[in-house]
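Given next are the chains, with one letter for each unit.
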Amino acid sequence: MRTTRTTTRTARTAAALVAVIALAAGCSGSGGRDSEDKADTPSSGKGVATPRLKIAMITHSGEGDTFWDIVRSGAKQAAAKDNVDFLYSNDKEAKGQAELVQAAIDKKVDGIVVTLAKPEAMRSVLAKAKAAGIPVVSINSGSEFSQKFGALSHIGQEEAVAGEAVGTRLAQEGRKKTLCVIHEQGNVSLEQRCAGVKKTFKGTVENLNVDGTNAPNSQSSIEAKLQADKSIDAIVALGAPVAALAVKAKDDAGSKAEIATFDLNAEVVRRLKAKEVTFAVDQQPYLQGYLAVDELWLHETNGNVLGGGKPVFTGPALVTAQDVPQLEKYTARGTR
């Protein structure tokens, strides 16, 4: 599989993974506020003999975002291996997410996994987690805030670098005007992706804000933009569900724009195969969930900290139709 990442980042991630494998033994729908009191049942398998832990993951996911199903799949697999009760909850609103973190603190969990898409809203509650002696690992978004907010480390991709890789690729293909679709306004990671595209793209980049939880409206907004501006010859979706909407919008608008996307799921792989999507940026969400739970278990049972407190990168990697044969079996089971 073709990848776009620096040597140092790859080495750091590989070293972290080796540490996990050496020390460790061994798909669900979108969550919501009503899921915060429900423990996901780990998959069957032989686990470790360490004491039972309770780990909560709280994300900024909106309804219908399949990315988080894959994150949860990895987390649940690690939980099964590590003898962990895994609690998942999510709220796309920053205030609601912070309240869910507070609820986890009140339950006296043994560890918290959290996303920092809207970081300032999390500062105060993560300080409370630290005061309560609860270790925190951040994943996916807000890597630059992770250490400031007292997290052990951050697991994810460097969003600006990923965006730069996309901009470089589109420039190499001779594209002149790119529409970068932001499906969650105020999410720092999505803004960093578009900024990265703009940094390396030789033409014009225009951002379009849509509500990713409202698929019909999002599709209509993309279609209207394509109809109004025929010079747009590339669309960058920042999530797999938006890529599907962009394909439909392009067809309805009669546009010939190339479509690239961040993140994978089974549908994106099908669209890569059909040449409807040219390439995708894979940040390996399964690893983000798996390594976060595993790190908290390793920290509790062996005092480990992955990456020495520095970010552990799980991406980016650019994948195309050539990678489909390898990816299909993994996306079909919900692990890529």
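See the structure above.
This section reports on the structure supplied with the text.

Cut-off values and rules
- Residues numbered from 1 in each chain as written.
- Predicted model: local features only at pLDDT ≥ 70, side-chain atom pairs only at ≥ 80, totals over all residues.
- Heavy atoms only, no water.
- Helix = DSSP H or I, 4+ residues; strand = E, 2+ residues; numbered from the N terminus.
- Buried < 20%, exposed > 50% of the residue type's maximum accessible area, 1.4 Å probe, protein only.
- Areas by Shrake-Rupley, 256 points an atom, 1.4 Å probe, with all protein chains shown as cover.
- Axes fitted to C-alpha atoms, helices over the stretch in contact; angles between N-to-C directions.
- Parallel < 35°, antiparallel > 145°, perpendicular 65-115°, else oblique.
- Left-handed = near helix turned anticlockwise from the far one by under 90°.
- Contact = heavy atoms within 4.5 Å.
- Nonpolar A, V, L, I, M, F, W, Y, C, P; charged D, E, K, R; others polar.
- Pairing = 2+ DSSP bridges.
- Right-handed = clockwise from strand over helix to strand, strands pointing away.
- Disulfide = S-S within 2.5 Å.
- Polar contact = N/O pair within 3.5 Å; in protein donor to acceptor, adjacent residues only side chain to side chain.
- Core = buried A, V, L, I, M, F, W, Y, C linked by side-chain atoms within 4.5 Å.
- Salt bridge = Lys/Arg side-chain N within 4 Å of Asp/Glu carboxyl O.

1. Examining the overall build of the protein
Line of reasoning, step 1. Secondary structure assignment for the protein yields 12 helices and 13 strands.
Line of reasoning, step 2. By the burial criterion, 57% of the 336 residues in the protein qualify as buried.
Line of reasoning, step 3. Here the protein has roughly 13,700 Å² of accessible surface; of this, 50% comes from carbon and sulfur atoms.

2. Quick notes on the packing of helix α10 (residues 266-273) against helix α12 (residues 324-332)
Line of reasoning, step 1. At a minimum axis distance of 9 Å, the contact between α10 and α12 shows a crossing angle of 155°. With respect to each other, α10 and α12 are oriented roughly antiparallel. In this structure, α10 crosses over α12, and the sense of that crossing is left-handed. Contact residues: Ala266, Val269, Leu272 and Lys273 in α10; Val324, Leu327, Glu328 and Thr331 in α12.
Line of reasoning, step 2. Its residues assigned to classes, the contact of α10 with α12 comprises 5 nonpolar, 1 polar and 2 charged.

3. Examining the sheet that holds strand β9 (residues 234-237)
Line of reasoning, step 1. One open sheet accounts for 6 strands, arranged β8-β7-β9-β10-β11-β13; its pairing is mixed. Unpaired on one side and paired on the other, β8 (204-209) and β13 (317-319) mark the two borders of the sheet. Taking each pair of neighbouring strands and ignoring which way they run, the sheet shows an average axis angle of 20°.
Line of reasoning, step 2. Note: strand β7 (residues 177-182) against β8, 6 bridges, orientation parallel. Paired with Cys180 across the bridge in β8 is Asn207.

4. What about the pairing of strand β4 (residues 111-115)?
Line of reasoning, step 1. When you tally the buried positions in β4, you get 5 out of 5 residues, the bulk of the element.
Line of reasoning, step 2. Side chains Gly111, Val113 and Thr115 of β4 all project onto a buried face; the interleaved residues Ile112 and Val114 project onto the opposite face, where all are buried too.
Line of reasoning, step 3. In terms of strand pairing, strand β2 (residues 53-59) meets β4 through 4 bridges, oriented parallel. Across the sheet, Met57 pairs through a bridge with Val113, a residue of β4.
Line of reasoning, step 4. In this sheet, strand β5 (residues 136-139) lies alongside β4 in parallel orientation, the contact comprising 4 bridges. The partner of Ile112 across the bridge, within β5, is Val136.
Line of reasoning, step 5. Where the polypeptide runs from β4 across helix α4 (residues 123-131) and back to β5, its parallel neighbour, the crossover connection is right-handed.

5. Quick look at the state of the cysteines
Line of reasoning, step 1. Applying the stated rule across the entire model yields 1 disulfide.
Line of reasoning, step 2. What pairs with Cys180 in a disulfide is Cys194, and their sulfur atoms sit 2.1 Å apart. Between Cys180 and Cys194 the disulfide shows an S-S torsion of about -90°. By sign, it is left-handed. Here Cys180, found in strand β7, pairs with Cys194, found in helix α7 (residues 188-200); they are 14 residues apart in sequence, far enough to count as distant.

6. Concerning the side chain of Asp65
Line of reasoning, step 1. By the element assignment, Asp65 lies in the loop between β2 and α2 (67-82).
Line of reasoning, step 2. Within the local environment of Asp65, its side chain forms a polar contact with the backbone nitrogen of Phe67, the two atoms lying 3.1 Å apart.

7. What to know about the nonpolar core
Line of reasoning, step 1. By size, the foremost hydrophobic cluster in this structure holds 30 residues, and its most contacted members are Met57, Phe86, Val113, Val137, Ile139, Ile155 and Val293.
Line of reasoning, step 2. Secondary structure elements with two or more residues in this core: β2, α2, β3 (84-90), β5 and α11 (285-302).
Line of reasoning, step 3. Here this core takes 9 residues from α11, the largest share from any one element.
Line of reasoning, step 4. With sequence-adjacent residues up to four places away left out, Ile155 is seen in contact with Val137, Ser138, Ile139, Asn140, Leu287, Gln288, Leu291, Ala292, Glu295, Val312 and Thr314.
Line of reasoning, step 5. Of all hydrophobic cores here, the second largest spans 27 residues; its members include Leu226, Ala240, Val242 and Ala243.

8. Quick look at the pattern of salt bridges
Line of reasoning, step 1. Scanning the entire structure with this criterion turns up 17 salt bridges.
Line of reasoning, step 2. Residues Asp282 and Arg336 are paired through a salt bridge, measuring 2.3 Å at the closest nitrogen-oxygen approach. With a gap of 54 residues between them, Asp282 in strand β11 (residues 279-282) and Arg336 in the segment after α12 connect regions that are remote in the sequence. For the pair Asp282 and Arg336, a shared accessibility class is recorded, and that class is buried.
Line of reasoning, step 3. Connected through shared salt-bridge partners, Lys177, Glu206, Lys225 and Asp229 make up one network.

9. Some words on the environment of Ile232
Line of reasoning, step 1. Turning to its location among the elements, Ile232 is positioned in the loop between α8 (215-228) and β9.
Line of reasoning, step 2. Each C-alpha atom of the pair Ile232 and Arg175 lies 8.7 Å from the other, and the pair is 57 residues apart in sequence.
Line of reasoning, step 3. With sequence-adjacent residues up to four places away left out, Ile232 is seen in contact with Lys177, Leu179, Lys225, Leu226, Ser255 and Ala257.

10. Focus: the environment of Phe201
Line of reasoning, step 1. Tracing the backbone through its elements, the reader meets Phe201 in the loop between α7 and β8.
Line of reasoning, step 2. A sequence separation of 25 residues divides Phe201 from Lys176, and the C-alpha atoms of the two residues are 8.4 Å apart.

Distances and angles like these do not, on their own, reveal function.
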